[in-house]
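Residue strings, one per chain:
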Amino acid sequence: MTSLLGPGAPVLAFDVGGTDLKSALVAPDGELLGVQRTPTPVQPEHTEKSVLETITRLGAALREQHPSISPEAVGLIAPGVVDDERGLGLFAENLNWHDVPFRDLAEKAFGLPASFTHDVRAAGEAEYRLGPASAYRDALVVTIGTGIAAAIFIDGKPVAGDGYAGELGHSVIAPGGEPCACGGRGCLEAIASAASITRRYNRLTPSPVPGAREVLERARAGDTDAEAVWITALDALGLGLSHATALLAPEVIVLGGGLAQAGDALFNPVRERLYSHLTFHRRPKLMHASIGQNAGLVGAALRARAVLETP
Ligand SMILES: [Zn+2]
């Protein structure tokens, strides 16, 4: 694979997810070396301690495997509510931490400058800076996987709202509807994320499926329950994206995450629904995410390199 990142400082990159933690050493030519998945060491409380231990160990192993490369910074990303500017993990629902100064802790653990960023914003930034959406100034990168969240770029700059911006998945589409993991009801995520599509369908069928892909397959094969679940999800996505469009007027909306792998079966009906809600508004192009499953690591590396460039 050619290097997406291009030449720059060598850095360590860590993408902490709800189940997996990905790690890599980014070479001076931008190549990701030693990409590895490790189970996230989730604890009943203070998961940050075991996460820091794990990334310190993985970082040391990467340095040992590539002695000719000396990383100059560390890029760490995680889900939840993250204050990028202050490097704080404010809250992460499944990871059991509160107000953790991850950037400072990572700097201490590695003895290197570090950045700590929200996973969706970092992956979105990789997509925005290095993918086809880089030609546009106003863009949304929407990830539809287990959850739904957006990275917002206005005038070419990311908008983070102290960690609270981009929570498109927790805007209410059906008031009083499906309960959501956030404690609300009728959120977009509770209806249209890959996990919700699977959960909603499995409630209706005597033969449960492992994922949203199978729900789509059954809908295509004429299963009316699957079809109903899939159509409600498309309707919700079209409506949710129309609200984001009215508010932010993106030139382009990039869709990524597991559900985007459905391709035209997702993009065509969502585009149709989105456009049907627009009148005078700017019509955003819908684009496929291009960076793939390592977008998080690439975004973490971008942020780590940016730390070195900031005076
Ligand atoms: Zn919610």
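The text that follows walks through the structure, step by step, so that each part is easy to find. (Residues numbered from 1 in each chain as written. Predicted model: local features only at pLDDT ≥ 70, side-chain atom pairs only at ≥ 80, totals over all residues. Heavy atoms only, no water.)

1. Describing the pairing of strand 10 (residues 148–154)
Here is step 1 of the chain: The element strand 10 is largely enclosed, with a buried count of six among its seven residues.
Here is step 2 of the chain: Examined bridge by bridge, strand 9 (residues 139–144) and strand 10 share six bridges and lie antiparallel to one another. Across the sheet, Val142 pairs through a bridge with Ala150, a residue of strand 10.
Here is step 3 of the chain: Between the end of strand 9 and the start of strand 10, which pair antiparallel, lie three residues.
Here is step 4 of the chain: Where strand 10 meets strand 11 (residues 157–159), three bridges bridge the pair, whose relative direction is antiparallel. Of the residues in strand 11, the one forming a bridge with Ile152 is Val159.
Here is step 5 of the chain: Hairpin connection of strand 10 to strand 11: two residues between the antiparallel strands, including Asp155 at a positive phi of 55°. (Buried < 20%, exposed > 50% of the residue type's maximum accessible area, 1.4 Å probe, protein only. Helix = DSSP H or I, 4+ residues; strand = E, 2+ residues; numbered from the N terminus. Pairing = 2+ DSSP bridges.)

2. Section: the nonpolar core
Here is step 1 of the chain: Residues Val142, Leu237, Leu255, Leu259 and Leu266 are the most contacted members of the largest nonpolar core, which totals 40 residues.
Here is step 2 of the chain: Examining the composition of this core, we find that nine residues originate from one element, helix 7 (residues 224–248), more than from any other.
Here is step 3 of the chain: Those residues in contact with Leu259, other than ones at most four positions away along the chain, are Ile144, Ala192, Ala194, Ile197, Ala212, Trp230, Leu237 and Leu266.
Here is step 4 of the chain: Ranked by size, the runner-up nonpolar core spans 26 residues in total, among them Leu25, Val82, Val100 and Phe116. (Core = buried A, V, L, I, M, F, W, Y, C linked by side-chain atoms within 4.5 Å. Contact = heavy atoms within 4.5 Å.)

3. Re the coordination of the zinc ion
Here is step 1 of the chain: Within the protein, the atoms that donate to the zinc ion are His170 (ND1), Cys180 (SG), Cys182 (SG) and Cys187 (SG), at distances of 2.0 to 2.4 Å.
Here is step 2 of the chain: Classification of the site at the zinc ion rests on its four donor atoms, whose angles at the metal span 102 to 127°, yielding the label tetrahedral.
Here is step 3 of the chain: Along the chain, the residues donating to the zinc ion fall in the pattern H-x9-C-x1-C-x4-C.
Here is step 4 of the chain: On the basis of relative accessible area, Cys180 is assigned to the buried category, the value being 11%.
Here is step 5 of the chain: We classify Cys182 as partly exposed; its relative accessible area is 44%. (Donors = N, O, S within 2.8 Å, 3.2 Å for Na, K, Ca; no water. Tetrahedral: all angles 85-135°; square planar, octahedral: opposite > 155°, others 65-115°.)

4. A few points about the packing of helix 5 (residues 194–202) against helix 7
Here is step 1 of the chain: Between helix 5 and helix 7, the shortest axis-to-axis distance is 9 Å and the interhelical angle comes to 145°. Pair helix 5 / helix 7 crosses with right-handed handedness. Between helix 5 and helix 7, the residues in contact are Ile197, Arg200 and Tyr201 and Asp225, Ala226, Val229, Trp230, Thr232 and Ala233, respectively.
Here is step 2 of the chain: Partitioned by chemical class, the residues of the contact of helix 5 with helix 7 number six nonpolar, one polar and two charged. (Axes fitted to C-alpha atoms, helices over the stretch in contact; angles between N-to-C directions. Left-handed = near helix turned anticlockwise from the far one by under 90°. Nonpolar A, V, L, I, M, F, W, Y, C, P; charged D, E, K, R; others polar.)

5. A short note on the packing of aromatic side chains
Here is step 1 of the chain: What the rule picks out here adds up to four aromatic pairs.
Here is step 2 of the chain: Put simply, the rings of Trp97, Phe102 and Phe116 pair up and form one aromatic cluster.
Here is step 3 of the chain: Sitting over the ring of Tyr275, Arg283 keeps its end group 4.8 Å from the ring centre. (Phe/Tyr/Trp six-rings, centres within 6.5 Å; stacked < 30°, edge-to-face > 60°. Lys NZ or Arg CZ within 6 Å of the ring centre and 35° of its normal.)

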